[in-house]
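One-letter residues, chain by chain:
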Amino acid sequence: MDLQTAKGIAMAMEDETALLVPPEDVADQTHMKSSFLLGCTDETYQWSGRTILTFSGEVDTQGIVDRIAAAWKVKEGVTVEEDDTTGDDAQVDMRVATGGFYNAAIWNSGTKVYITSFSPCFELEGGTKPGMKY
């Protein structure tokens, strides 16, 4: 797998997760399209991205996390772990057996959901250096 393929997988999973939030609850969506590479194992790396959805008003934060968790639980090869919630904050972790880790967390007193991705591991191709943004 190369950088562009891994990044594409991660961004697609962010987009898919963002679509699980009812559109009437979303006032704004920000998608981080470039970031630094993270070390994975041995001489492999992973790309990490983030999509932030700002809610248009008060929402059922636990309901949104439950919806995301339920959608990911039916995917083959995915392990889903919901964290304990406190107040308006809730989150769910999704780990893909073929590589990749994703998290959806509601922060800022229930005003935003942060969807964070860590791509499957990949090897760097010629001219690509870990300290650069991609």
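A few points on the structure.

Reading guide: rules and limits
The residue numbers shown here count from 1 along each chain, following its written sequence. Residue-level local features of this predicted model are given only where pLDDT is at least 70; pairs of side-chain atoms are given and counted only at 80 or more, and the full residue set underlies all totals for whole chains, interfaces and linings. Side-chain numbers come from the whole structure's heavy atoms, not from hydrogens or water. Within this scheme, the nonpolar core is defined by two criteria: the residues are buried Ala, Val, Leu, Ile, Met, Phe, Trp, Tyr or Cys, and they are joined through side-chain atoms within 4.5 Å. The buried label applies to any residue whose accessible area, calculated with a 1.4 Å probe on protein chains only, is under 20% of its type's maximum; exposed applies above 50%, and partly exposed to all values in between. By definition, any uninterrupted DSSP run of H or I lasting at least four residues is a helix, any uninterrupted run of E lasting at least two residues is a strand, and each is numbered from the N terminus. The criterion for a disulfide is a pair of cysteine sulfur atoms lying within 2.5 Å. A 3.5 Å cut-off defines polar contacts: any pair of N or O atoms within that distance qualifies, except that in protein one atom must be a possible hydrogen donor and the other a possible acceptor, and neighbouring residues in sequence count only when both atoms are side-chain atoms. Note on contacts: a residue pair is in contact if any heavy atoms of the two residues lie within 4.5 Å.

## Quick look at the nonpolar core
Point 1. If you look at the biggest cluster of nonpolar residues, it comprises 30 residues, and the most contacted ones within it are Trp47, Trp72, Val92, Met94 and Val113.
Point 2. Elements that contribute at least two residues to this core include exactly helix H1 (3-18), strand S3 (44-55), helix H2 (61-73), strand S4 (78-82), strand S5 (90-96), strand S6 (101-107) and strand S7 (112-118).
Point 3. Among the elements that line this core, the one with the most residues is H1, at six residues.

## Observations concerning unusual backbone geometry
Point 1. At Asp42, a residue that is not glycine, the phi angle is positive and equals roughly 45 degrees.
Point 2. With respect to the helices, strands and loops of the structure, Asp42 is situated in the loop between strand S2 (37-39) and S3.
Point 3. Here Ser109, not a glycine, exhibits a phi torsion of approximately 55 degrees, which is positive.
Point 4. Its place among the elements puts Ser109 in the loop between S6 and S7.

## Details of the state of the cysteines
Point 1. In total, this model carries one disulfide according to the counting rule given.
Point 2. Here Cys40 is linked by a disulfide to Cys121, with a sulfur-sulfur distance of 1.6 Å. One end of the pair, Cys40, is in the loop between S2 and S3; the other, Cys121, is in the loop between S7 and strand S8 (122-123), and 81 residues separate them in sequence.
Point 3. For Cys40, a relative accessible area of 27% gives the class partly exposed.
Point 4. The class for Cys121 is partly exposed, based on a relative accessible area of 34%.

## Observations regarding the side chain of His31
Point 1. Structurally, the position occupied by His31 is in strand S1 (residues 26-32).
Point 2. One polar contact links His31 to Thr51, side chain to side chain, over a distance of 2.8 Å.
Point 3. The residues contacting His31, other than those within four sequence positions of it, are Met11, Glu14, Asp15, Arg50 and Thr51.

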